[in-house]
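Spelled out from the first residue to the last, the chains are:
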Amino acid sequence: VIEVLAAGPLTTVQDAGRHGWRWLGVPVAGPADWFSHTVANRLVGNADGAAALEVTLAGPTLRFEVPATVAVVGAVATLGGVAVPSGAAFPVPALCPLAIGRTTPGARGYLAVAGGFEVPPVLGSRSTDTLAGLGPAPLAAGDRLAIGRWPGGGEPGRSGSGGGQRPAGGQVDRPFGQESGTPQSGAGAAAGSGSAGQVDRPFGQESGTPQSGAGAAVGSGSAGQVDRPFGQESGMPQSGAGAAVGSGSAGQVDRPFGQESGTPQSGAGAAAGSGSAGQVDRPFGQESGTPQSGAGAAAGSGSAGQVDRPFGQESGPPLRRNPDDGPLRVVPGPHAEWFGPAALRTLCGSPFTVTPASDRVGIRLAGPALDRAGGAELPVTGMVAGALQVPPDGQPILLLANHGPTGGYPVLAVVVTADLPAAGQARPGQTLRFRPVSREEAVAAYTALRAALDAAVPGRGQGAARLR
Amino acid sequence: VPVPEIVIRAAGDSALLVQADSTAAAHRLRAALEAARPAGVRETVVGAGSVLVLLDPLGCDLAAIRRVALAAAGAAAGAAVAAGPVRTVRIPVVYDGADLAEVAALTGLPAGEVVRRHAAARYTVAFIGFSPGFGYLTGLDPALHVPRRDSPRRRVPAGAVAVAGPYTAVYPQATPGGWRLLGRTALAVFDPARTPPALLTPGDTVVFDPEPAR
């Protein structure tokens, strides 16, 4: 059981969503960023779509009454006051408070626990539906959440072999580990931690900081850089407190990531730990800034090349982690005839600002008015996540996971599934841009992203054979 | 037999929007798709004269979907095909709504006549949307077609029976709403613990039975 000590601005339980009930007017809900949600679950060995926490802007503080294995994606976190890696599984000892900090690089982060959160399903789903009020209410201080039995039937972090018990974690290193993995051993540790720092930066580089000793020089150096953009408590983790993260079973957690360099208690080990976090993160986002520019770290660009391979000519990263990574791709339509000829050009040629009146239902955008043809109202029509609805004032609304199943405004274009994660990470004040693609290109982008996801963090049943 | 016209458009990579000639045609189309279940079809949502078909982008058979849609449209063009027996749902209503006098004024009918006409019609659940279980019922007496309120209420109580434009509906939950309230029912319109959770499903016939206020 987990006790909620502080809830954060909006923390909800989300599984894959309440599918199959749209015809009765029930929203799907589910994660605003399906990709990060899936990664978090896979990191702890859960099935895709297990119930996890979605954190908005800043997270909750939780106290686990029993030890658990946890992964946080897209947010900084501290365990007993010590930073823990983002994008990697780690053990949480009983009673040690886990504080999720700010989300980065987007508006939403995910916390998965091995076994998932065990809240009563409503219409087959554990998702909080903020529109229709179905499922568990958003977290509040004092809430108690049960953890489900880990589907593998055992303690997920127990086996040191890492194979069957932790299929996801065991695979994380593989697809892109080659270059960046080697330097972590021996003398290469410094270089390893250095590049890890670069790679990790957007994630707050929590894991590099805690250790003292040899690795600390490089680690904390990059951590300093890292912390600045997020206003991190930069002094926080120093001293041997890193042991809280690295102690005991942490070694087991790290091992599946291919850390030959040993347990994370040592300085070098901790650096390696952050290296693995970076590795985990890289494929879903190319956090190191602008991968397209080639200016990224050596390790970063190396693995980016691998990640890119599955989708061939696409030059950018498979995943846009947030709207800063590039224009969101849209398939025009389906209500093209409801708009003037300039509307799509305006949509794809102008910046749109995310207004504060945005939530899990949709992002209200502000920008040049999109020209609607005629004044008639659209008859009620089924809606889909990613739809850019245009009310009479011409300011589009980008529907997110918790949108209503039907709507009454014409849809100028629909954001592709591969870019919904970035849309779900949009922050108020951020600028969105759009680029038209064909449906075929959209499907290709999604295919590539799924392939990159499976290569980086295999789902259950995908990994074990390859590990051996 | 005229060649059926059918318009299918992509709604992103995970859905198709199929336009139908009418909402009845949309129901036939939905029934045909649910019966045939072409590969990759996940869900269908009937709108006013349209069906949204939710797809698995990575494994859907677009050609099969088109064939089913064309066949359904062709059947519609030929003969009226009923999609099985139609359920009739009777809803007891106390006609004491906050907007009854206003609707009477807008329609030029006495309030009692507004009630009589509303309760006299047989309605069809055209589609469900807005909120879980919120059925848009068609068949409203044209004399009762009134616009929505200029300013929506912040909270319409669950069970409110209301009209707007060509539709009448029962609010399943307490939600904001701009429809004009004629009365209320004590029936639970939506209950997630029930199977099915919604009192009304698309295509049902609905009759309102006036009840005395208590």
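Described in the following lines is the structure provided in the data block. (Residues numbered from 1 in each chain as written. Chains lettered and ligands numbered in written order. Predicted model: local features only at pLDDT ≥ 70, side-chain atom pairs only at ≥ 80, totals over all residues. Heavy atoms only, no water.)

### As for the packing of helix H3 (residues 100-107) of chain B against helix H4 (residues 111-120) of chain B
What describes two packed helices is the angle between their axes and the distance between those same axes.
Residue and element names in this part refer to chain B.
Turning to step 1, where the next piece is worked out: Running from N to C, H3 and H4 point in directions that differ by 95°, and their axes come no closer than 8 Å. Of the possible angle classes, the one that applies to H3 and H4 is roughly perpendicular. When H3 is examined against H4, the residues Leu100, Val103, Ala104 and Thr107 are found in contact with a partner set consisting of Ala111, Val114 and Val115. (Axes fitted to C-alpha atoms, helices over the stretch in contact; angles between N-to-C directions. Helix = DSSP H or I, 4+ residues; strand = E, 2+ residues; numbered from the N terminus. Parallel < 35°, antiparallel > 145°, perpendicular 65-115°, else oblique. Contact = heavy atoms within 4.5 Å.)

### Some points on the packing of aromatic side chains
Residues and elements named next belong to chain B.
Turning to step 1, where the next piece is worked out: Counting across every chain of the model gives 14 aromatic pairs over all chains.
Turning to step 2, where the next piece is worked out: Both rings, one in phenylalanine 134 and one in tyrosine 136, keep their centres 5.3 Å apart while their planes meet at 65°; by these two values the pair is edge-to-face. Each member of the pair, phenylalanine 134 as well as tyrosine 136, is classed as buried.
Turning to step 3, where the next piece is worked out: Centroid distance phenylalanine 134 to tryptophan 179: 5.2 Å. Interplanar angle 85°. Geometry classified as edge-to-face. Taken as a pair, phenylalanine 134 in the loop between strand S6 (123-128) and strand S7 (135-138) and tryptophan 179 in the loop between strand S11 (175-177) and strand S12 (180-184) lie far apart in primary sequence, 45 residues in all.
Turning to step 4, where the next piece is worked out: Three or more aromatic residues joined by ring pairs make a cluster, and in this case those are Phe127, Phe130, Phe134, Tyr136, Tyr167, Tyr171 and Trp179. (Phe/Tyr/Trp six-rings, centres within 6.5 Å; stacked < 30°, edge-to-face > 60°. Buried < 20%, exposed > 50% of the residue type's maximum accessible area, 1.4 Å probe, protein only.)

### Considering the interface of chain A and chain B
Turning to step 1, where the next piece is worked out: The partner chain B presents 37 residues to the 36 residues of chain A that form the contact.
Turning to step 2, where the next piece is worked out: For the chain A and chain B pair, buried surface summed over both sides reaches about 2900 Å², with 67% attributable to carbon and sulfur atoms.
Turning to step 3, where the next piece is worked out: If you sort the residues of chain A by the area they bury against chain B, Trp23, Leu24 and Arg439 of chain A come out on top, with a joint share of 25%.
Turning to step 4, where the next piece is worked out: Residue arginine 9 of chain B pairs with glutamate 337 of chain A through a salt bridge whose shortest N-O separation is 3.2 Å.
Turning to step 5, where the next piece is worked out: Here chain A is connected to chain B by 9 residue pairs in polar contact (both at pLDDT 80 or more).
Turning to step 6, where the next piece is worked out: Residue assignment for the side of chain A that touches chain B shows that the elements contributing at least two residues are strand S13 (328-332), strand S16 (381-382) and helix H12 (439-456) of chain A.
Turning to step 7, where the next piece is worked out: A per-element tally of the side of chain A that touches chain B places H12 of chain A first, with 6 residues.
Turning to step 8, where the next piece is worked out: Partitioned by chemical class, the residues of the side of chain A that touches chain B number 22 nonpolar, 10 polar and 4 charged. (Buried area = accessible area lost by both parts, 1.4 Å probe. Salt bridge = Lys/Arg side-chain N within 4 Å of Asp/Glu carboxyl O. Polar contact = N/O pair within 3.5 Å; in protein donor to acceptor, adjacent residues only side chain to side chain. Nonpolar A, V, L, I, M, F, W, Y, C, P; charged D, E, K, R; others polar.)

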